[in-house]
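# Coordinate inspection notes
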Amino acid sequence: MDGISIIIVDDTLKALQLMAEYKRTLVITGGAGFIGSAMVWQLNQRGITDILIVDHLGSNPEKWKNLRKLQYTDYMEREEFIEQIEDGAFDECDFDVII
């Protein structure tokens, strides 16, 4: 797939199936929260681990617990992610899905 595709899906399971199809780096914003970590878990169940989790953990130890058993490529704080987008750091990246 060339460029960026935006797919709006109102069914979480269908969205996960579409993401699994692409087999590229996925960016999950809010990935350390309850819903985001559940999405990462579902992706892991499908063998997908090339995931960048973006969130703001701050001093909340509860959110770190959500990440313990997950497989993902990297974690990035929300503020750093926004700064890197603004600075053009991801201009050459081939992200197909950002959630």
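The following refers to the structure shown. (Residues numbered from 1 in each chain as written. Predicted model: local features only at pLDDT ≥ 70, side-chain atom pairs only at ≥ 80, totals over all residues. Heavy atoms only, no water.)

## Examining the side chain of aspartate 55
- Structurally, the position occupied by aspartate 55 is in strand β2 (residues 51-55).
- Judged by its relative accessible area of 7%, aspartate 55 falls in the buried class.
- Beyond its immediate sequence surroundings of up to four residues, aspartate 55 is in contact with Gly30, Gly31, Ala32, Gly33, Lys63, Tyr75, Met76, Glu77 and Arg78. (Helix = DSSP H or I, 4+ residues; strand = E, 2+ residues; numbered from the N terminus. Buried < 20%, exposed > 50% of the residue type's maximum accessible area, 1.4 Å probe, protein only. Contact = heavy atoms within 4.5 Å.)

## Some remarks on the pairing of β2
- Of all five residues in β2, five are buried, a share of seventy percent or more.
- Residues Ile51, Ile53 and Asp55 point to one face of β2 and Leu52 and Val54 to the other, with burial holding for every one of them.
- Pairing of strand β1 (residues 26-29) with β2, which is carried by four bridges, proceeds in the parallel orientation. Residue pairing for β2: isoleucine 28 is matched across the bridge by isoleucine 53.
- Running through helix α2 (residues 34-45), the crossover from β1 to the neighbouring parallel element β2 is right-handed.
- Across four bridges, the pairing between β2 and strand β3 (residues 74-77) is parallel. Paired with valine 54 across the strands is methionine 76, a residue of β3.
- Regarding topology, helix α3 (residues 61-67) serves as the crossover connection from β2 to the parallel β3, and that connection is right-handed. (Pairing = 2+ DSSP bridges. Right-handed = clockwise from strand over helix to strand, strands pointing away.)

Limitation: the analysis is restricted to geometry and does not speak to function.
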